[in-house]
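# Structural characterization, general
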Amino acid sequence: MTSWLSVDTDDVIHLPSKRGHPHRSSVPMPEWRTEGYQASSRLLSATDHFIQWASRGPETTIFLIAEQLDCPEFTKRLDTLLSMPNILIACHGWGHRCWSAWPEDIVGFTEMLTAARDRISAYAGDSWRPWFRAPGGYISTWMAGPLAAAGFRLDSSVNPSRWVNRKMGGNWSKVQQSMEQCGVIERPWLTTSIGPACGPALSLFPFSIPARKAWKRNSVSVTNNPEIGETITLYWHLLDHERKSGRWKPPLAKSM
Ligand SMILES: [Zn+2]
């Protein structure tokens, strides 16, 4: 089976404990539109390590947060990534708002999607793909229609693990059904028998142990087109590249 690799560009400010969630965040977020983003030194350094990895790495999709293009230092690093033939760029929202944790807001979500799509696609040009990942995995059935209407062909927000069913209103399969009905391809994240295997789970005991094994097993063959065929979705965070004094790498098969 082929795998699709993707990395989310979240900075420290984008943690739901900081911003984007109605109850969990320390910084209020009344509007989706944010301005004046400046990358943290941690993210800039992580991006430098990621660039080193990606320059000899496999095909990888970057899920970018649109507001990050406000920061010249971060954008300079993205320019380097954009010049690489193995890098594609997709959409991780505008300011990392956790949409399904807020009341249903089709108008606001549509405005955000359109603005983020226009900004990221204008920047990325040929490397742009109309693919979406919901910040924090906060996806809900009502979000499928706006995604399809804004021209998104694929969503990769579903974490089909019993640990996160609560966030999906108890049933992530309803989300998958809505996506299918709207003609949006859903690519749920890889899980193992004990729980999640992507994102934070990669470094979180006990999930990390089976997760790393599953990644190695499932990354022998990599695709840059998750719209076609059966695909296993593997994702991590740019900030992970700050681990182990910058020597951290996604746990891929040796051949990668
Ligand atoms: Zn994120």
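In this text, all values refer to a predicted model and were calculated from it rather than measured experimentally. (Residues numbered from 1 in each chain as written. Predicted model: local features only at pLDDT ≥ 70, side-chain atom pairs only at ≥ 80, totals over all residues. Heavy atoms only, no water.)

### Some thoughts on the packing of aromatic side chains
- Summed over the entire model, instances satisfying the criterion amount to 12 aromatic pairs.
- Aromatic pair tryptophan 4 and phenylalanine 63: ring centres 5.9 Å apart, planes at 65°, arrangement edge-to-face. Here tryptophan 4 is found in strand E1 (residues 2-8), whereas its partner phenylalanine 63 is found in strand E2 (residues 60-64), with 59 residues between them in sequence. Each member of the pair, tryptophan 4 as well as phenylalanine 63, is classed as buried.
- Measuring from centroid to centroid gives 5.5 Å for tryptophan 53 and tryptophan 236, while their planes differ by 85°, and the two rings are edge-to-face. (Phe/Tyr/Trp six-rings, centres within 6.5 Å; stacked < 30°, edge-to-face > 60°. Helix = DSSP H or I, 4+ residues; strand = E, 2+ residues; numbered from the N terminus. Buried < 20%, exposed > 50% of the residue type's maximum accessible area, 1.4 Å probe, protein only.)

### Observations regarding the coordination of the zinc ion
- Taken together, Asp10 (OD), Asp10 (OD), His92 (NE2) and His96 (NE2) make up the protein donors of the zinc ion, found 2.0 to 2.6 Å from the metal.
- A relative accessible area of 11% places aspartate 10 in the buried class. (Donors = N, O, S within 2.8 Å, 3.2 Å for Na, K, Ca; no water.)

### Observations concerning the nonpolar core
- In this structure, Phe50, Phe74, Leu81, Phe109, Trp215 and Trp236 are the most contacted members of the largest nonpolar core, which totals 64 residues.
- In this structure, Phe63, Leu88, Trp131 and Leu154 belong to the second largest nonpolar core, which totals six residues. (Core = buried A, V, L, I, M, F, W, Y, C linked by side-chain atoms within 4.5 Å.)

### Points about the packing of helix H1 (residues 41-55) against helix H2 (residues 72-82)
- Contact geometry for H1 and H2: axes closest at 10 Å, N-to-C directions at 5°. Taken as axis vectors, H1 and H2 run roughly parallel relative to one another. Contacts between H1 and H2 involve Leu43, Leu44, Thr47, Asp48, Phe50, Ile51 and Ala54 from the former and Glu73, Phe74, Arg77, Thr80 and Leu81 from the latter.
- Taken together, the residues of the contact of H1 with H2 break down into seven nonpolar, two polar and three charged. (Axes fitted to C-alpha atoms, helices over the stretch in contact; angles between N-to-C directions. Parallel < 35°, antiparallel > 145°, perpendicular 65-115°, else oblique. Contact = heavy atoms within 4.5 Å. Nonpolar A, V, L, I, M, F, W, Y, C, P; charged D, E, K, R; others polar.)

### Focus: the pattern of salt bridges
- Taken as a whole, this structure holds nine salt bridges when the rule is applied.
- Put simply, glutamate 73 and lysine 76 hold a salt bridge, and the shortest N to O gap is 3.2 Å. Separated by three residues within a single helix, glutamate 73 and lysine 76 lie in helix H2, roughly one turn from each other.
- Take glutamate 73: its relative accessible area is 34%, and that puts it in the partly exposed class.
- Arginine 243 is the partner of aspartate 240 in a salt bridge, and the nearest nitrogen-oxygen pair spans 3.0 Å.
- For arginine 243, a relative accessible area of 37% gives the class partly exposed.
- Ionic contacts of the salt-bridge type, sharing partners, join the residues Asp48, Glu73, Lys76 and Arg77 into one network. (Salt bridge = Lys/Arg side-chain N within 4 Å of Asp/Glu carboxyl O.)

### Section: the pairing of strand E10 (residues 231-237)
- Counting buried residues in E10 gives seven out of seven residues, a clear majority hidden from the surface.
- Both faces of E10 are covered, namely the face carrying Thr231, Thr233, Tyr235 and His237 and the face carrying Ile232, Leu234 and Trp236.
- In this sheet, E10 lies alongside E1 in parallel orientation, the contact comprising seven bridges. The residue bridging leucine 5 from the neighbouring strand is leucine 234, located in E10. (Pairing = 2+ DSSP bridges.)

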